[in-house]
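Overview (structure and organization)
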Amino acid sequence: MKTLFIKLGALGGVFRATPLFTGLKEKYPASELHVVTRENAKDLLNYNKDIDKLWVWEKERDKIKEISFDWVINTEDDEETCRFASNLKTRKFTGPYYSKTGKIEYTKDVAIWYDMGKISRFGLEKANELKKLNNKGYQEIYCEILELPKKSYPLVLNMIEEEKELSKKFRKENKVSKNDVLIGINTGAGENWPLKALSTDKTVLLMERLAKLGFKVVLLGGPNETKRNNEIIKKTEVPIIDSGTQNSLRKFISIINSVDLIITSDTLALHLAVALKKRVVCFFGPTSAEEIELYGQGVKIKPNSECYCCFKKERTSAKMCIDEIKAEDIIEATLEQIKFLNE
């Protein structure tokens, strides 16, 4: 059986699909699994033995059109991808597609997921209501959709020895000893979900209090967080480690591998840390904590706010759900998670 899995979205979304690749290969061991993703995400899937062929969307989609598949699984709901997926040669199709009536629709087997999304057949207002009521994780839902065994497949992230050595080098260069607890601070957010980010003032407060408690603190972030992180560094009055914001994806993975615990928003760093078996303190605002699986490696902090899980991308009032997250609660949760490091 030849299967194509289309996953083009945000980096965190691409990575959290890796358990599904494992599930598909376990259920269909003789199958050939093809995955297509964007150029910026391909390094996330390096060394993944569940993938037989990795395609880059920007460069190779025309080649994919020439292949006949037994099963196409599309997880994207934008018009361009749905048009592309709808025209592929396949015996079986799962996911959103571009219908003959000129609309984006989705197959019945994915209704449990897309009824809660922006292309919901019920409309966006009802979709958001269903999202708030949902208590299943992304992997659990998609295992149900793909009829995979009901088990907890892990996130898959394989590192080569050179990358592991880079993690050790990072600690050594920043004078972090074996007895030190290195805490990663990743409180920013991607461009698509700016309201996931904790304020710079709360981030500074977090770092200062943790540093005064004797922990080593490293500030993490990506290219779009350069200005934000520079502002945080200027405000901080205690020594911290600046990991930079221009690291390659694989170097970012190595840096996360160097920490003992990470405090993070609902972003790629969260999923990477979980895959690397780090302790995690994750806070949520506009997105759903229930959809995220921590595999028993941490704690989720949710705001006591009516607008929690509102899926808003812009501020509609002076105080939003993310503003309800307290630095004190994050610190308390962090201290509890640190206890697990000695087990």
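In this report, we go over the structure that sits alongside the text.

Re the overall build of the protein chain
- Counting its regular elements, the protein chain contains 13 helices and 13 strands.
- For 343 residues, the compact-globule estimate of 2.2 N^0.38 gives 20 Å, and the C-alpha radius of gyration of the protein chain, at 21 Å, lies within 12% of that figure.
- Relative to its 343 residues, the protein chain shows a buried fraction of 55%.
- Sequence separation of 24 or more characterises 58% of the internal contacts of the protein chain that already satisfy a separation of 6 or more.
- When the accessible area of the protein chain is evaluated, it comes to approximately 16,600 Å², of which 48% is carbon and sulfur surface.

Description of the packing of helix 8 (residues 161-173) against helix 11 (residues 249-258)
- One way to put it is that helix 8 packs onto helix 11 with a least axis distance of 8 Å and a crossing angle of 55°. The angle between the axes of helix 8 and helix 11 places the two elements in the oblique class. Between helix 8 and helix 11 lies a crossing whose hand is right-handed. Residues E163, L166, S167, F170 and R171 of helix 8 touch helix 11, and the partners they reach there are R250, K251, S254, I255, N257 and S258.
- Taken together, the residues of the contact of helix 8 with helix 11 break down into three nonpolar, four polar and four charged.

Brief notes about the packing of helix 9 (residues 200-212) against helix 10 (residues 226-235)
- Running from amino to carboxyl end, helix 9 crosses helix 10 at an angle of 50°, the nearest separation of the two axes being 9 Å. With respect to each other, helix 9 and helix 10 are oriented oblique. Pair helix 9 / helix 10 crosses with right-handed handedness. Mapping the contact onto sequence places T200, D201, T203, V204, M207 and E208 in helix 9 and R228, E231, I232 and K235 in helix 10.
- Among the residues making up the contact of helix 9 with helix 10, the classes are represented as three nonpolar, two polar and five charged.

With respect to the side chain of D180
- As for its placement among the helices and strands, D180 is situated in the loop between helix 8 and strand 8 (182-186).
- If near-sequence neighbours (up to four positions away) are discounted, D180 is found in contact with R171, K175, K216 and D260.

Topic: the sheet that holds strand 2 (residues 32-37)
- Here five strands make up an open sheet; going across it, the order is 3-2-1-4-5 and the pairing parallel. Looking at which strands have only one partner, the edges of the open sheet turn out to be strand 3 (53-56) and strand 5 (89-94). Neighbour-to-neighbour, the strand axes of the sheet open up by a mean angle of 25°, direction not taken into account.
- Bridge count between strand 2 and strand 3: four bridges; the pairing is parallel. In the sheet register, T37 faces strand 3, and the bridge partner there is V56.
- Sitting on the sheet, helix 2 (residues 18-27) touches strand 1 (2-6), strand 2 and strand 4 (68-74), and the angle it makes with strand 2 is about 160°.

Brief notes about helix 4 (residues 79-86)
- Buried within helix 4 we find T81, C82, F84 and A85. Summarising the axial view, the buried residues of helix 4 lie within an arc of 160°, below the 170-degree limit, and thus occupy one face.
- Contacts from the buried residues of helix 4 go to strand 1, helix 3 (57-64), strand 4, strand 5, strand 6 (96-98) and strand 7 (104-106).
- With a side-chain oxygen positioned 3.3 Å from the backbone nitrogen of E80, the residue opening helix 4 is D78.

Describing the packing of aromatic side chains
- Tallied over the full model, the rule gives nine aromatic pairs.
- Relative to Y97, the ring of F93 has its centre 6.3 Å away and its plane inclined at 90°; by these criteria the two rings are edge-to-face.
- According to the relative accessible area criterion, Y97 is partly exposed, its value standing at 24%.
- Ring geometry for W193 against F311: centres 5.7 Å apart, planes inclined by 80°, an arrangement best described as edge-to-face. Taken together, the residues W193 in the loop between strand 8 and helix 9 and F311 in the loop between strand 13 (298-301) and helix 13 (327-338) connect sequence positions 118 residues apart.
- Feature note: the residues W113, Y138 and Y142 constitute an aromatic cluster, connected by ring pairs.
- Across the ring face of W113, the terminal group of K131 is positioned such that the distance to the ring centre comes to 4.4 Å.

What to know about the sheet that holds strand 12 (residues 279-283)
- In spatial order, the strands read 10-9-8-11-12-13; together these six strands make up an open sheet with parallel pairing. Of all the strands in the sheet, just strand 10 (241-242) and strand 13 have a single pairing partner and so form its edges.
- Sheet analysis places strand 11 (residues 261-264) next to strand 12, joined by four bridges and oriented parallel. Bridge pairing in strand 12 places T264 opposite C282.

Description of helix 9
- The end-to-end C-alpha distance of helix 9, which contains 13 residues, comes to 18 Å, matching closely the 18 Å that a straight helix rising 1.5 Å per residue would cover.
- For helix 9, the full list of buried residues reads T200, T203, V204, L206, M207, E208, L210 and A211.
- Considering only its buried residues, helix 9 is in contact with strand 8, strand 9 (216-219), helix 10, strand 11 and helix 13.
- Just downstream of helix 9, G214 is the residue with a positive phi angle, here 100°.

Calculation rules
Residues numbered from 1 in each chain as written. Predicted model: local features only at pLDDT ≥ 70, side-chain atom pairs only at ≥ 80, totals over all residues. Heavy atoms only, no water. Helix = DSSP H or I, 4+ residues; strand = E, 2+ residues; numbered from the N terminus. Rg over C-alpha atoms; globule rule 2.2 N^0.38 Å. Buried < 20%, exposed > 50% of the residue type's maximum accessible area, 1.4 Å probe, protein only. Contact = heavy atoms within 4.5 Å. Areas by Shrake-Rupley, 256 points an atom, 1.4 Å probe, with all protein chains shown as cover. Axes fitted to C-alpha atoms, helices over the stretch in contact; angles between N-to-C directions. Parallel < 35°, antiparallel > 145°, perpendicular 65-115°, else oblique. Left-handed = near helix turned anticlockwise from the far one by under 90°. Nonpolar A, V, L, I, M, F, W, Y, C, P; charged D, E, K, R; others polar. Pairing = 2+ DSSP bridges. Arc of directions from axis to C-beta. Polar contact = N/O pair within 3.5 Å; in protein donor to acceptor, adjacent residues only side chain to side chain. Phe/Tyr/Trp six-rings, centres within 6.5 Å; stacked < 30°, edge-to-face > 60°. Lys NZ or Arg CZ within 6 Å of the ring centre and 35° of its normal. Expected span 1.5 Å × (residues − 1).

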